[in-house]
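# Per-entry structural report
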Amino acid sequence: MKKVAEYLHNNAPSKDKALLHTAYDAFFTFAFTPNTTTANGVHVRDGMDLKRLMVHVVIGMQLLYFFGTYNIGHQHFVALGEYTGFFEGVNLKLAYGLIKLIPLFVVSNAVGLGIEFWYAAKKGHSVEEGYLVTGALLPLIIPPDLPLWILALSIFFAVIIGKEAFGGTGMNVFNIALLARVFIFFAYPTEISGDQCWVAGFDQIIAGASPTYGWFETTFFNDWIFGPLGWPTFNAQAAIVDGYTGATPLGLAYEGGWERVTEVYTPGQMLWGNIPGSIGEMNKVFIAFGLGLLLITGVASWRITFSVFAGAAVMGMIFNWWGATPFMEVAWYNQFLMGSLLFAAVYMATDPVTAASTNTGKYIYGGLIGMIGLLIRVANPAYPEGWMLSILLMNAFAPLIDHYIVEANMNRRKKRLQLRRAGVTTDDEEAIPVPQVATA
Amino acid sequence: MRILRLSGIALMLCVPALGYSQGAVSGSNLTQYLLLGIVLSLVLVVIFMVANSFLGLEARMTGADRTGKSFAIIPGRDELIPSKIPEGVQKDRIITLNQGFDINLLGQPAHEIEDKMVTTVAMQPANFIGMSPLPKLAVNVGDTVAAGDELFYDKKIGRVKYVAPASGEIIEIRRGEKRAILEVVILLDKEQRQRKYEVVPPLEGERQALVDFMLEAGVWPMLRQRPYNTVADPDETPKGIFVSTFDTAPQAPDLALVAQGHSVAFQRGLDVLSKLTPGRVHLGLDGTSTPPTIFANAFGVEKHYFRGKHPAGNVGIHIHHIDPVDATQVVWTAGVQDVIAIGELFLHGAFYGGRVIALAGDEFERPRHLRTYMCASIADLIKGELAYPDKDVRYISGDVLSGVQKAGDSYLNFYDDQLTSIEEGNYFELFGWLLPVDPRPSRSGTFPNKLFGKDYQYKATTNSHGEQRAFVVTGEYEAVLPMDILPQHLMKAIMANDFERMEGLGLYELVEEDIAICEFACTSKQPLQRILRQGLDTMRAQG
């Protein structure tokens, strides 16, 4: 293996072919940790690096990917009134989910990483790993039926304007995945809001509408695989059952509070996430599992996650007390079951680059995300979900929060030194009594 | 921290459970019960506290509290949990440091001292920060010198003399780029001669007389000045002098063993130092174990006990917690062996160039302590010591965090008491970032290092385990640096040349060895020590 690595390393494309060299280097360092040694500083380095950090976030999302894929298919068939049991028609649901998800994932990573490679080649440095997480997060937070060109366009915008313009990984002000999503939200609002977009495979969610199947469903899976195997096949003549709306719990809560929500979905459904919604944000149990992994490994900041929860809980209690609308009366702990609060707190708010960078700042940052997010969710009539907007808003304020924390640190130091000069001691550490001078 | 995380996860799991429970208890009811519960427990706490303080008051009035028994309802923390503080540590002088990280590496020096003969030693002007690369030489090749004879001096402060650590013949003056003097090499005599001073100024006398004597005798460079870690300026009056008596760096020498047999000189050295400052001499001791008698019995100094992981033993951490510095308020520092050398000078009127160094690292067959001279030849020290003589290894003067890489034919640095050798890590590792095959030191929870236990000794190589990246992760420096400093913001201020922020964020309180543990832990592999030195150099140039 050593010889292979050395051979591959020595035969890298020349640096004149910048893009090729950069791409080669990126894949080479992916396969092999480089042989660089420490110089001019510490001689031993921690085994941790950015690749390892990023990949642990992606590992934390794997259950969500698995569940999200299946749920795309499940929601599709629930709308049609076929295979309504969660474990019925497994092959169809999985196949349908993959048909929807794989293109989104491929486009997300191909476009984003393509831009990263190109910029890295232009700037003459190696490809940084930031997009690994963005590219994995983005498919989880969009509706399954999103046209691929809109996704590509949004990534173009987010990565070029939001990241490369600021200097690349580590320099961006706004969370890239959310920036891409907010681009879709403002440029193509009908694709990502309302009740129509969360169930895949229909032009319109009304009773009697038939699914739009393509070559993959009818020929590849039906004729080549499922048909010969004698498994259930896609039925192009099926139609949406009467009374099906595809509404999300948040839309229902806006209409008529918790009572209206529980008419349609049980809390158990909301907990396990087998309801319409964004691909990866629905299963609260698996998100909690990911949270556990991120906290045990120390990859994400627990300060941020828990202050988001605390902020949302406090805001929820304030709304409960106020109680002006049915949505406000939804008990604060039930707010955690709906929408993407958990996902946002675990995977979105904790992005270390765009969050506040001081430990104290993280509490403020997270707390405000929780409060503002719930405020937007409950009080905004146009769009009953607020995490994307509140996180982006706090991204903008994170440097300000840090600024005041840094200033406070500077003032504290100045004061400490002034007191020293005046011969006064303060602070807990200085609670040392004046020593008795021992005599020889 | 771990409790917080666990309780956080528990809280997380409670949230869905609460969601279920709403079937039984309606939402508003639950909130009411919760509030009622909080109010009730608050009232109870208040009642308890009032009663408790009445009892305490009564105990004091009757004098019962002097029996040493507790008369409180609520038992104090000390009663519930037996104190972990070892014997001999003064409880009121303990400073507990919660941040830090101990790197436990293979090749810890054994608890024994052996004499090791070296044939050459060399003074290196580059060891002294801020000295011009072309100091004025006082000797030529071929001259013979006694221990304590002047070798060179800095043109800026001619009074500070840099002397020969041992007697012998000057065999080479090695020069580098632009004729900068790298090493003044002395071939040692078989019979060591020392420059003798018949009259040693009395400690009760003038401070200036002591300073002049120390300058003349060549022990002055052993005193260093913060900020900047330069050789102490004899015209300055420090507000305190700090000596750390324990080294928490990886594979560090055991300073109690090193100082063994020198207790008189150590005490005399401290006495001298306390005459140099109108403030106090602060002695930093290890608060995690019973302090060795040589340090515990020191008198005329202020003792502080530090409990924590590396860098708890760094004198910079002690200064920060006891008496921080800025551009105008300076302190001096000295190592344990430097204090001994100063003491020896005042006891015997001669320069003491002996040093005990730690031979550390798993590339040595028998890592242990060696008694030799300061600035000893590395080639002589490693003779017959290497476990695998053909292996590609790195020699480090100092520890693996803040030491300096040395060629096999060069010399230990003036201030270092450790020679470390570890394997060069210049190899590729298949998916090393994802699936590391062998255990490696790390403070990240993504490695199963906690399962190996605290006493597991890791094999260290110089592999950087990844490439340099922009700052991404936040909070990891703060977690290992036990100071009220925001290292990442300070580093960015240095890179941006923002003078006001550099000063304000505590640049003056740091030197490389303090920030080294942050550099080790850095996920982005940033060269923090280099950035810091660049900032310090900029500020020093500004005056």
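Residues numbered from 1 in each chain as written. Chains lettered and ligands numbered in written order. Predicted model: local features only at pLDDT ≥ 70, side-chain atom pairs only at ≥ 80, totals over all residues.

## A word on the overall build of chain A
- Looking only at helices and strands, chain A features 18 helices and one strand.
- Seen along its three principal axes, the alpha-carbon backbone of chain A occupies a region of about 100 × 70 × 40 Å.
- The proportion of buried residues among the 440 residues of chain A is 50%.
- A sequence separation of at least 24 residues applies to 71% of the contacts in chain A between residues at least 6 apart. (Helix = DSSP H or I, 4+ residues; strand = E, 2+ residues; numbered from the N terminus. Buried ≥ 20, exposed ≤ 12 C-beta atoms within 10 Å, placed from the backbone. Contact = placed C-beta atoms within 7 Å.)

## Considering the overall build of chain B
- Of the regular secondary structure elements, chain B holds 15 helices and 21 strands.
- Taken over the C-alpha atoms alone, chain B extends approximately 95 × 70 × 45 Å along its principal axes.
- Out of the 543 residues in chain B, the part that is buried amounts to 49%.
- Considering only contacts in chain B between residues 6 or more positions apart, those separated by 24 or more positions represent 69%.

## A few points about the sheet that holds strand 11 (residues 230-231) of chain B
Residue and element names in this part refer to chain B.
- Strand order in the open sheet made by the seven strands is 1-14-13-12-15-10-11, with mixed pairing throughout. Each edge of the open sheet carries a strand with a single partner, namely strand 1 (94-96) and strand 11.
- One ladder, built from three bridges, connects strand 10 (residues 224-226) with strand 15 (residues 331-334); its direction is antiparallel. If you follow R224 over to strand 15, its bridge partner there is T333.
- Seen against the sheet, helix 8 (residues 315-322) touches strand 1, strand 10, strand 12 (240-244), strand 13 (280-286), strand 14 (302-307) and strand 15 and runs at an angle of roughly 135 degrees to strand 12. (Pairing = 2+ DSSP bridges. Axes fitted to C-alpha atoms, helices over the stretch in contact; angles between N-to-C directions.)

## Description of the interface of chain A and chain B
- Contact with chain A, which involves 76 residues of that partner, is made by 85 residues of chain B.
- Per-element tally for the side of chain A that touches chain B: the top contributor is helix 18 (residues 387-421) of chain A, with nine residues.
- The residue inventory of the side of chain A that touches chain B, partitioned by class, reads 36 nonpolar, 26 polar and 14 charged.
- Alignment of strand 1 (residues 32-33) of chain A against strand 21 (residues 429-430) of chain B, held across two bridges, turns out to be antiparallel. (Nonpolar A, V, L, I, M, F, W, Y, C, P; charged D, E, K, R; others polar.)

## A word on the sheet that holds strand 5 (residues 144-145) of chain B
- One open sheet accounts for four strands, arranged 3-9-8-5 (chain B); its pairing is antiparallel. Each edge of the open sheet carries a strand with a single partner, namely strand 3 (120-123) and strand 5 of chain B.

## Let's talk about the nonpolar core
- By size, the foremost hydrophobic cluster in this structure holds 253 residues, and its most contacted members are Y365 of chain A together with V121 and C375 of chain B.
- Ranked by the residues each element gives to this core, the list is headed by helix 5 (residues 90-123) of chain A, at nine residues.
- Setting aside chain neighbours within four positions, we find Y365 of chain A in contact with I304, A355, A356, M394, A398 and I401 of chain A. (Core = buried A, V, L, I, M, F, W, Y, C linked by C-beta atoms within 7 Å.)

## Some thoughts on the packing of helix 17 (residues 359-379) of chain A against helix 18 of chain A
Residues and elements named next belong to chain A.
- One can describe the packing of helix 17 onto helix 18 by two numbers: an axis separation of 9 Å at closest approach and a directional angle of 150 degrees. By the criterion of interaxial angle, the relationship of helix 17 to helix 18 is roughly antiparallel. The crossing of helix 17 and helix 18 is right-handed. Between helix 17, through T360, G361, I364, Y365, L368, I369, I372, G373 and I376, and helix 18, the contact on the second element is made entirely by W387, L389, S390, I391, L393, M394, A398, I401, D402 and I405. (Parallel < 35°, antiparallel > 145°, perpendicular 65-115°, else oblique. Left-handed = near helix turned anticlockwise from the far one by under 90°.)

## Digging into the pairing of strand 17 (residues 368-373) of chain B
Residues and elements named next belong to chain B.
- The sheet contact formed by strand 2 (residues 113-115) and strand 17 spans three bridges and is parallel. Pairing of E114 across the sheet is with L370, part of strand 17.
- Two elements, strand 16 (residues 354-360) and strand 17, share six bridges in a ladder whose sense is antiparallel. The residue of strand 17 that forms the bridge with L359 is R368.

## Structural notes on helix 11 (residues 249-264) of chain A
Residues and elements named next belong to chain A.
- For helix 11, with 16 residues, the first-to-last C-alpha span of 8 Å runs short of the 22 Å given by 1.5 Å per residue.
- At G256, helix 11 shows its maximal kink, close to 130 degrees.
- Along helix 11, the residues that are buried comprise P249, L250, G251, L252, A253, Y254, W258 and V261.
- Looking at the buried side of helix 11, the elements it contacts are helix 12 (267-272), helix 15 (332-335) and helix 17. (Expected span 1.5 Å × (residues − 1). Bend = angle between axes of the 7 residues up to and from the residue.)

## As for unusual backbone geometry
- The peptide bond linking R226 of chain B to P227 of chain B adopts the cis configuration, its omega dihedral lying at 0 degrees.
- Topologically, P227 of chain B is positioned in the loop between strand 10 and strand 11.
- In the segment running from H310 of chain B into P311 of chain B, the intervening peptide bond is cis, with an omega of 10 degrees.
- The phi torsion at N40 of chain A lies on the positive side, around 55 degrees, for a residue other than glycine.

## Observations concerning the confidence of the model for chain B
- Scored by pLDDT, chain B comes out at a mean of 89, with 91% of its residues at no less than 70.
- Scoring of the predicted complex yields 0.87 for pTM and 0.90 for ipTM. (pLDDT = per-residue confidence, 0-100.)

## Some points on the pairing of strand 18 (residues 393-397) of chain B
All names here are of chain B.
- Counting buried positions along strand 18 gives five out of five residues, so the element sits mostly inside the fold.
- Here strand 18 pairs with strand 20 (residues 418-423) via five bridges, running antiparallel. Bridging from a neighbouring strand, S397 pairs with L419 of strand 20.
- The antiparallel pairing of strand 18 with strand 19 (residues 404-406) creates a hairpin that spans six residues between the two strands, and G398 there sits at a positive phi of about 110 degrees.

## Concerning helix 9 (residues 336-348) of chain B
Residues and elements named next belong to chain B.
- The end-to-end C-alpha distance of helix 9 is 18 Å, a good match for the 18 Å that 13 residues give at a rise of 1.5 Å each.
- Burial analysis of helix 9 places 11 of its 13 residues in the buried class, the great majority of the element.
- Here helix 9 has its buried residues at V336, Q337, D338, V339, I340, A341, I342, G343, E344, L345 and F346.
- On the buried face of helix 9, the contacting elements are helix 4 (207-217), strand 12, helix 5 (255-258), helix 6 (263-276), strand 15 and strand 16.

## Side note on the environment of G361 of chain A
Residue and element names in this part refer to chain A.
- On the secondary structure map, G361 appears in helix 17.
- Among the residues examined, G361 registers 26 C-beta atoms within 10 Å and is labelled buried.
- The residues contacting G361, other than those within four sequence positions of it, are A356, I401, D402 and I405.

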